[in-house]
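Now for the letters of each chain:
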Amino acid sequence: MTAVVDGLNWPTQMIGSNADYLEVRDWTLAEGRMFNEPESQRASRLVVIGQTTARELFPSGGALGAAVRINSQPFEVIGVLSDLGAGAFGRTRMT
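Conventions adopted
Residues numbered from 1 in each chain as written. Predicted model: local features only at pLDDT ≥ 70, side-chain atom pairs only at ≥ 80, totals over all residues. Heavy atoms only, no water. pLDDT = per-residue confidence, 0-100. Helix = DSSP H or I, 4+ residues; strand = E, 2+ residues; numbered from the N terminus. Core = buried A, V, L, I, M, F, W, Y, C linked by side-chain atoms within 4.5 Å. Buried < 20%, exposed > 50% of the residue type's maximum accessible area, 1.4 Å probe, protein only. Contact = heavy atoms within 4.5 Å. 1 Å grid on protein atoms, 1.4 Å probe; cavity = no way out; pocket = protein on both sides within 12 Å on 5 of 7 lines; lining within 4 Å. Points joined across faces, edges and corners; volume = space filled by probe spheres on them.

Asks: Can you help me understand the confidence of the model for the chain in this one?
Replies: Close inspection of predicted coordinates is inappropriate for parts of the model with low pLDDT. When the pLDDT values of the chain are averaged, the result is 86; 88% of them are 70 or greater. Confidence, expressed as mean pLDDT per element, reaches its minimum in the chain at helix H1 (residues 21–25) with 83 and its maximum at strand E5 (residues 67–70) with 96.

Asks: I'm lost on the environment of Ser17 in this one. Help?
Replies: As for its position among the elements, Ser17 is in the loop between strand E2 (8–11) and H1. Taking the C-alpha atoms as reference, Ser17 lies 7.6 Å from Ser40; in sequence the two are 23 residues apart.

Asks: Would you explain the nonpolar core in this entry?
Replies: Proteins that are soluble and globular tend to have nonpolar side chains buried together. By size, the foremost hydrophobic cluster in this structure holds 14 residues, and its most contacted members are Val47, Ile49, Phe58, Val68 and Val77. When contributions to this core are tallied by element, the ones reaching two or more residues are strand E1 (2–5), strand E4 (46–49), helix H3 (51–57), E5 and strand E6 (73–81). Among the elements that take part in this core, E6 stands out by supplying 3 residues, more than any other. In contact with Val77, other than residues within four places in its own chain, are Val47, Ile49, Phe58, Ala63, Leu64, Gly65, Ala66 and Val68. Membership of the second largest hydrophobic core comes to 9 residues, among which are Trp27, Leu46, Ile78 and Leu84.

Asks: What exactly am I supposed to notice about the layout of surface pockets here?
Replies: Any space left empty among the atoms is revealed by the rolling of a water-sized probe across them. Considering only enclosed or pocket space, the largest pocket measures out at about 790 Å³ in volume. If you go around the largest pocket, you meet 36 residues; those closest to its centre are Gln13, Met14, Ile15, Val47 and Val48. Listed by contribution, the elements that provide at least two residues to the lining of the largest pocket are E2, H1, helix H2 (37–41), E4, H3, E5 and E6. Tallying contributions element by element places E4 first for the lining of the largest pocket, with 4 residues.

As structure tokens, this is what we get:
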């Protein structure tokens, strides 16, 4: 998927999930919050983004509360993941 903010584009993955996703994956937030169950059930247009996506789309900071378009659909950023560290083959695992 392509995420767009003020003319900046960034290719990213998007995972539709529920409010328990971070706990199941053992991931934490650097800032903001995860969506709650009622928001999940309503399919609210909220998004939690990773460090790389935040850095690429918001180079001056200020991702929380900002609007981001993902495949032409508007979403509100409500959280930013903590750095996920190194993944397989030494690659940095940041979303």
